[in-house]
Amino acid sequence: MDRSNAIEHLLLSRCAKFNGSGDVLQYLEQRYSADASQKNYLVLESTDGGEYKLENVKEQQKDSQDINQFLFSKGKALSKDNKFNHLKTKNEFKKFIQESLKLQEGIAKKLHKMARKNPKILQVDVASLPMCKKVLRFEDFIEMNNLWKDYMRELLEGSRTIEVATAKLASAEYVGAFFKVTHSSCPTNIGLEGIVLWESQSYFLMIVPRKNNWKDDISFEVKIPYSANECLGGLKMIPKKNTRFTFSIEWGCADEVIDFELVGDRLSIRSLDRANKKFKSHNVKDIEL
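Residues numbered from 1 in each chain as written. Predicted model: local features only at pLDDT ≥ 70, side-chain atom pairs only at ≥ 80, totals over all residues. Heavy atoms only, no water.

**Q** Can you lay out the overall build of the chain for me, pointing to particular residues and giving the numbers?
**A** Of regular secondary structure, the chain possesses eight helices and six strands. Starting at the N terminus and ending at the C terminus, the chain contains elements arranged as α-α-α-α-α-α-β-β-β-α-β-β-β-α. Counting across all 289 residues of the chain, residues that qualify as buried make up 28%. Contacts spanning at least 24 positions in sequence make up 55% of the contacts within the chain whose residues lie at least 6 apart. (Helix = DSSP H or I, 4+ residues; strand = E, 2+ residues; numbered from the N terminus. Buried < 20%, exposed > 50% of the residue type's maximum accessible area, 1.4 Å probe, protein only. Contact = heavy atoms within 4.5 Å.)

**Q** Please set out the packing of aromatic side chains residue by residue, giving values where relevant.
**A** Going through the model one piece at a time under the given rule, you end up with 11 aromatic pairs. For the ring pair Trp148 and Phe247, a centre distance of 6.1 Å and an interplane angle of 80° mean the geometry is edge-to-face. You can see Trp148 sitting in helix α5 (residues 142-155) and its partner Phe247 sitting in strand β5 (residues 243-251), a full 99 residues away along the chain. Under the relative-accessibility criterion, Phe247 is labelled buried at 3%. The interplanar angle of 85° and the centroid separation of 5.2 Å between the aromatic rings of Phe204 and Phe245 together place this pair among those described as edge-to-face. Of this pair, Phe204 sits in strand β3 (residues 203-208) while Phe245 sits in strand β5, and the two are 41 residues apart along the sequence. In terms of burial, Phe204 and Phe245 fall into one category: buried. (Phe/Tyr/Trp six-rings, centres within 6.5 Å; stacked < 30°, edge-to-face > 60°.)

**Q** Could you give an account of unusual backbone geometry, with specific residues and numbers?
**A** In the Ramachandran plot, Asn242 falls in the positive-phi region, its phi being about 55° despite a non-glycine side chain. Summarising the element assignment, Asn242 is placed in the loop between β4 (234-239) and β5.

**Q** Any details on the pairing of β3? Residues and values, ideally.
**A** With respect to burial, β3 is a largely interior element, five of its six residues being buried. With four bridges connecting them, strand β2 (residues 193-199) and β3 associate as antiparallel partners. Bridged to Ile195 within β3 is Ile207. Linkage of β2 to β3, two consecutive antiparallel strands, is achieved through a turn of three residues. The sheet contact formed by β3 and β4 spans six bridges and is antiparallel. Across the sheet, the residue bridging to Ile207 is Leu235, located in β4. (Pairing = 2+ DSSP bridges.)

**Q** Kindly report on the environment of Leu111, identifying the contributing residues and their values.
**A** Residue position: Leu111 is located in helix α4 (residues 86-117). A residue is classified by how much of its surface remains accessible, and Leu111, at 0% relative accessible area, is buried. Sequence separation of Leu111 and Leu232 is 121 residues, and the distance between their C-alpha atoms is 8.9 Å. In contact with Leu111, other than residues within four places in its own chain, are Leu122, Val126, Leu129, Met131, Ala228 and Leu232.

**Q** Please provide a residue-by-residue account of a negative patch on the surface, values included.
**A** On the surface, a cluster of negative charge is made up of Glu55, Glu59, Asp63 and Asp66. Following the sequence through the fold, Asp66 ends up in helix α3 (residues 50-81). The exposure class assigned to Asp66 is partly exposed, which follows from its relative accessible area of 40%. (Patch = residues over 30% accessible without salt bridge, like charges linked within 9 Å, V, L, I, M, F, W, Y side chains within 5 Å. Areas by Shrake-Rupley, 256 points an atom, 1.4 Å probe, with all protein chains shown as cover. Salt bridge = Lys/Arg side-chain N within 4 Å of Asp/Glu carboxyl O. Lys, Arg positive; Asp, Glu negative; His and termini not counted. Charge placed at Lys NZ, Arg CZ, Asp CG, Glu CD.)

**Q** Please give an account of the environment of Arg210 that cites residues and values.
**A** One can find Arg210 in the loop between β3 and α7 (228-232). A residue is classified by how much of its surface remains accessible, and Arg210, at 21% relative accessible area, is partly exposed. Spatially, the C-alpha atoms of Arg210 and Ala228 are 9.9 Å apart, while their sequence positions differ by 18 residues. Apart from the residues within four sequence positions on either side, Arg210 is in contact with Asp125, Val126, Ala127, Arg137, Glu139, Glu230, Cys231, Leu232 and Gly233. Only 3.1 Å separates the side chain of Arg210 from the side chain of Glu139, close enough to count as a polar contact. (Polar contact = N/O pair within 3.5 Å; in protein donor to acceptor, adjacent residues only side chain to side chain.)

Written out as structure tokens, the structure reads:
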């Protein structure tokens, strides 16, 4: 026993647990032995950090504010200087769509009121009216459809079977395609034809011609009049859900025209993600004809 344990030896000798000095020495040897059951330990109590913790939190908050301010000012400067910034372009396009649809809705209401007084106003081409000059016209986007046809010829070049062609069409770009709505949960969308201007995950933005839907196919003597919206044409947001589209492409050396049907429910994915995804041909049982 070391002299440093003299106080402990004195205290333990007065304990009734130990009969003699030998028991005390044996206990002390076990007490400070590396392989004994009793080990030295130091009791530490947790604290909240006090003033040091408060200062540390304030410094972290200040650093995060400085970083956010720097990134915000840098991003704002980049978006302001770069006119081709993707965020700015996307926001401007959305704003343009909203303004165009709002303009069409207002003009359609005016035409509906004018048709009550003079029904013959809807029998002429409303595009010649001064109030309809800012409405987008189908004729201005025909060249866009011609470019899409050239794109389809290059895409399907060398495809000898329908299976190979459909695999390519599953990941193709449809902006510029001429679609016709054959099935839809919205009755007013059935029969619409137009050129696709934009595709999102859930919608097709189409430009439709004036007075062009299923009413043209009726051969009765009594013609069903067109509504103000149908006479105006313009932009239409067609949902993909519960909707089917048909389109025609020239395929083969003889420029054979083949019709394809596109199921909107199976196309509820962004065009960017669809272009990088590989689709497999298989039977689908949950499609109702």
